[in-house]
Amino acid sequence: MVGNEDGYTPGRDDLTRCWLILYLHYVLNLWEEAWRKKVATGDVIVIRYADDVVLGFQYRTDAERFLMQLRKRLVKFGLALHPAKTRLIEFGRFAARTESSVVKGSWRARIKN
């Protein structure tokens, strides 16, 4: 296979990425749909691009429960969430009124300071 000096190999890397996306469809998307129907008490939105995902929950309790159960599910598949990229952030029209909406190191904390 031919690759460039950065180690990128057309074909192999693209195929690996494709398999990862298909794998995540099973590990995350199908499970999330079932979780939403069986467990969630409020609205849930999912925005996914390749291997990145942003989830929105109407209720904080749903978000906390989902995060805990997602971590357990990922362990079963030998996967884990990136600790620096995973966090709960309160947002919406009432978020600015509560202290918990300011997450240390988040964009909100930088704007308020």
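The following refers to the structure shown. (Residues numbered from 1 in each chain as written. Predicted model: local features only at pLDDT ≥ 70, side-chain atom pairs only at ≥ 80, totals over all residues. Heavy atoms only, no water.)

A word on the overall build of the protein chain. Regarding its fold elements, the protein chain presents 3 helices and 2 strands. Counted from the first residue to the last, the protein chain has its helices and strands arranged as α-β-β-α-α. In the protein chain, of all internal contacts separated by at least 6 residues, the share reaching a separation of at least 24 is 32%. Here the protein chain has roughly 8,800 Å² of accessible surface; of this, 58% comes from carbon and sulfur atoms. (Helix = DSSP H or I, 4+ residues; strand = E, 2+ residues; numbered from the N terminus. Contact = heavy atoms within 4.5 Å. Areas by Shrake-Rupley, 256 points an atom, 1.4 Å probe, with all protein chains shown as cover.)

Right, let's talk about the pairing of strand S2 (residues 52–57) for a bit. Sheet topology places strand S1 (residues 44–49) next to S2; 6 bridges connect them, and they run antiparallel. Pairing of Val46 across the sheet is with Leu55, part of S2. The loop that links S1 with its antiparallel partner S2 comprises 2 residues; one of these, Ala50, has a positive phi angle of about 55 degrees. (Pairing = 2+ DSSP bridges.)

Within the largest apolar cluster, 11 residues are counted, these being Val27, Leu28, Trp31, Trp35, Ala40, Val44, Phe57, Ala63, Phe66, Leu70 and Leu74. Residue assignment for this core shows that the elements contributing at least two residues are helix H1 (12–38) and helix H2 (60–76). For Ala40, the contacting residues outside a window of four places in its chain are Trp35 and Asp62. (Core = buried A, V, L, I, M, F, W, Y, C linked by side-chain atoms within 4.5 Å. Buried < 20%, exposed > 50% of the residue type's maximum accessible area, 1.4 Å probe, protein only.)

What follows covers the layout of surface pockets. The computed volume of the largest pocket comes to approximately 1,300 Å³. Val53, Val54, Leu55, Lys85 and Arg87 are the residues nearest the centre of the largest pocket, which is lined by 36 residues in total. Of all the secondary structure elements, the ones that give two or more residues to the lining of the largest pocket are H1, S1, S2 and H2. Considered class by class, the residues forming the lining of the largest pocket number 23 nonpolar, 5 polar and 8 charged. (1 Å grid on protein atoms, 1.4 Å probe; cavity = no way out; pocket = protein on both sides within 12 Å on 5 of 7 lines; lining within 4 Å. Points joined across faces, edges and corners; volume = space filled by probe spheres on them. Nonpolar A, V, L, I, M, F, W, Y, C, P; charged D, E, K, R; others polar.)

With that settled, consider the pattern of salt bridges. Using the criterion set out here, one finds 3 salt bridges in the structure. One salt bridge in this structure joins Asp62 and Arg65, with 3.3 Å as the shortest N-O distance. One end of the pair is Asp62 and the other is Arg65, both in helix H2 and 3 residues apart, which spans about a single turn. (Salt bridge = Lys/Arg side-chain N within 4 Å of Asp/Glu carboxyl O.)

Once that is clear, we can look at a nonpolar patch on the surface. On the surface, a nonpolar cluster with roughly 350 Å² of combined accessible area is contributed by Leu15, Trp19 and Leu22. With respect to the secondary-structure elements, Leu22 resides in helix H1. (Patch = residues over 30% accessible without salt bridge, like charges linked within 9 Å, V, L, I, M, F, W, Y side chains within 5 Å.)

Tracing the chain through its elements places Asn29 in helix H1. Asn29 gets classed as buried once you look at its relative accessible area, which sits at 13%.

What follows deals with the packing of aromatic side chains. The description of an aromatic ring pair rests on the distance of the ring centres and on the angle between the ring planes. Scanning all chains against the criterion turns up 6 aromatic pairs. For the ring pair Tyr23 and Phe77, a centre distance of 6.0 Å and an interplane angle of 85 degrees mean the geometry is edge-to-face. Note that Tyr23 is positioned in helix H1 and Phe77 in the loop between H2 and helix H3 (107–112), a separation of 54 residues in sequence. Accessibility expressed as a relative area gives 35% for Tyr23, which makes it partly exposed. Between the aromatic rings of Trp35 and Phe66, the centroid separation amounts to 5.0 Å while the plane-to-plane angle is 85 degrees, which identifies the pairing as edge-to-face. (Phe/Tyr/Trp six-rings, centres within 6.5 Å; stacked < 30°, edge-to-face > 60°.)

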